[in-house]
Amino acid sequence: MNRVKNPLPIPSECQHCGDTVEIVHHDDLYGRSYGDWPWAYRCKGCGSYVGMHPFTNIPLGTLATTEMREARKRCKSPFEALYKSGRLTRSDAYKRLAEKLGIEHEACHFGWFDVEMCLKAEQAAREIFIEIYRS
Ligand SMILES: [Zn+2]
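Thresholds applied
- Along each chain, the written sequence defines residue order, and numbers are assigned to residues from 1.
- Predicted model: local features are reported for residues with pLDDT of at least 70 only, side-chain atom pairs are reported and counted for 80 or more only, and whole-chain, interface and lining totals are derived from all residues.
- Water and hydrogen atoms play no part in the side-chain values, which are based on all heavy atoms of the structure.
- Basic side-chain nitrogens of Lys or Arg form a salt bridge, by our definition, when they fall within 4 Å of a carboxyl oxygen of Asp or Glu.
- Helix and strand assignments come from DSSP, with helices taken as H or I runs of at least 4 residues and strands as E runs of at least 2, each series counted from the N terminus.
- Working definition: with a 1.4 Å probe on protein chains only, accessible area under 20% of the residue-type maximum means buried, over 50% means exposed, and in between means partly exposed.
- Within the patch definition used here, like charges are joined within 9 Å and nonpolar side chains (Val, Leu, Ile, Met, Phe, Trp, Tyr) within 5 Å, considering only residues with over 30% relative accessible area and no salt bridge.
- In these tables, accessible area is a Shrake-Rupley quantity obtained with a 1.4 Å probe, and a residue counts as shielded only by the protein chains included in the view.
- Sites may look incomplete, because water is not among the atoms used; the donor set itself consists of N, O and S atoms within 2.8 Å of the metal (3.2 Å for Na, K and Ca).
- All geometry calls rest on donor angles, where a four-donor set with angles between 85 and 135 degrees is tetrahedral, four- and six-donor sets with opposite donors more than 155 degrees apart and all others between 65 and 115 are square planar and octahedral, and all else is irregular.
- Axis definition: a line fitted to C-alpha atoms, limited for helices to the stretch in contact. Angles are taken between N-to-C directions and run from 0 to 180 degrees.
- Angles below 35 degrees are treated as roughly parallel, those above 145 as roughly antiparallel, those between 65 and 115 as roughly perpendicular, and all remaining angles as oblique.
- Contacts were defined at the residue level, with two residues in contact if any of their heavy atoms lie within 4.5 Å.
- Residue polarity follows a fixed list, in which Ala, Val, Leu, Ile, Met, Phe, Trp, Tyr, Cys and Pro are nonpolar, Asp, Glu, Lys and Arg are charged, and the others, Gly among them, are polar.
- Two strands are counted as paired when DSSP detects at least two bridges linking them.

The name given to the chain in an unreviewed UniProt entry is Zinc-finger-containing protein, with Dasania phycosphaerae as the source organism.

Encoded structure:
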C-alpha cells in the first residue's frame, strides 16, 4: 500500500472554471502513457489536469492550466539544481524554500503552486543559491 503524506482532496470541481472533473487515461492526454500509473484528473471545461500518485487516486497537485504547468516546470528546475549540487539535501532545500515563501514545509510542493507562487519560488531559489555559495 502506498502512503502519501498530506494528500490533497480528490478534485470534483475545477478551481479555474468550476466545471466537472473526470478521470482520464494518459492516452487521452498525451497519446501515450508515462510511468506505471497512467491516470489523471482533467476538467471537462478548460482541460486543466493533474496526474495521480502511483497506485492511488490521490492527485499529485492541483489542476494545472497550460500556463501553470509551464511555470511549475520552469521554476522548479533552478530549485532542483540546489540539492542536485550536493550542497543541500533535498529535504533541507524544501525546508529553506518553505521558510522563504512563508508556508508550511508540508505544503511546499511545486504541484500545489499557482503561477504567482512558482515565480516566488524561483526568486527564493536564487536567494538560497546565493546563501549557500557564500557560506
Ligand atoms: Zn476547468
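Side chains bearing opposite charge may pair, as long as their charged atoms lie close to each other. For the coordinates displayed, the defined rule picks out 8 salt bridges. Ionic pairing is found between E131 and R96, a salt bridge with its closest N-O pair at 3.0 Å. Of this pair, E131 sits in helix α4 (residues 115–134) while R96 sits in helix α3 (residues 90–101), and the two are 35 residues apart along the sequence. With relative accessibility at 33%, the residue E131 sits in the partly exposed group. Judged by relative accessible area, R96 falls into the partly exposed class, the value being 27%. Connected via shared salt-bridge partners are R96, K100, E127 and E131.

Our focus in this paragraph is a nonpolar patch on the surface. Together, F129, I130 and Y133 make up a nonpolar patch on the protein surface, roughly 290 Å² of accessible area in all. Relative to the elements of secondary structure, Y133 occurs in helix α4.

Ideal geometry at a metal centre: 109.5 degrees between donors when four sit tetrahedrally, and 90 or 180 degrees when six sit octahedrally. Looking at the zinc ion, the protein donor atoms are C14 (SG), C17 (SG), C43 (SG) and C46 (SG), and they sit 2.3 Å from it. For the zinc ion, the 4 donor atoms in the first shell make angles of 97 to 118 degrees at the metal, so the coordination geometry reads as tetrahedral.

The next subject is the packing of helix α2 (residues 66–84) against α4. Remark: α2 packs on α4, axes separated minimally by 9 Å, with the N-to-C direction vectors making an angle of 10 degrees. Comparing their axes, α4 and α2 come out roughly parallel. Of α4, the residues touching α2 (which contributes E67, M68, A71, R72, R74, C75, P78, F79 and L82) are V115, C118, L119, E122, A125, I128, F129 and I132. The class makeup of the residues in the contact of α2 with α4 is 13 nonpolar, no polar and 4 charged.

What follows covers the sheet that holds strand β2 (residues 39–43). Within the open sheet, the 3 strands sit side by side as β1-β2-β3. Their pairing is antiparallel. Unpaired on one side and paired on the other, β1 (21–25) and β3 (49–51) mark the two borders of the sheet. With strand direction ignored, the average angle separating the axes of adjacent strands in the sheet is 25 degrees. Bridging between β2 and β3 involves 3 bridges; their strand directions are antiparallel. From the neighbouring strand, Y41 faces β3, where its bridge partner is V50.

Of note, E106 is situated in the loop between α3 and α4. Of the residues examined, E106 reaches a relative accessible area of 40% and is grouped as partly exposed. Setting aside chain neighbours within four positions, we find E106 in contact with N6 and W112.

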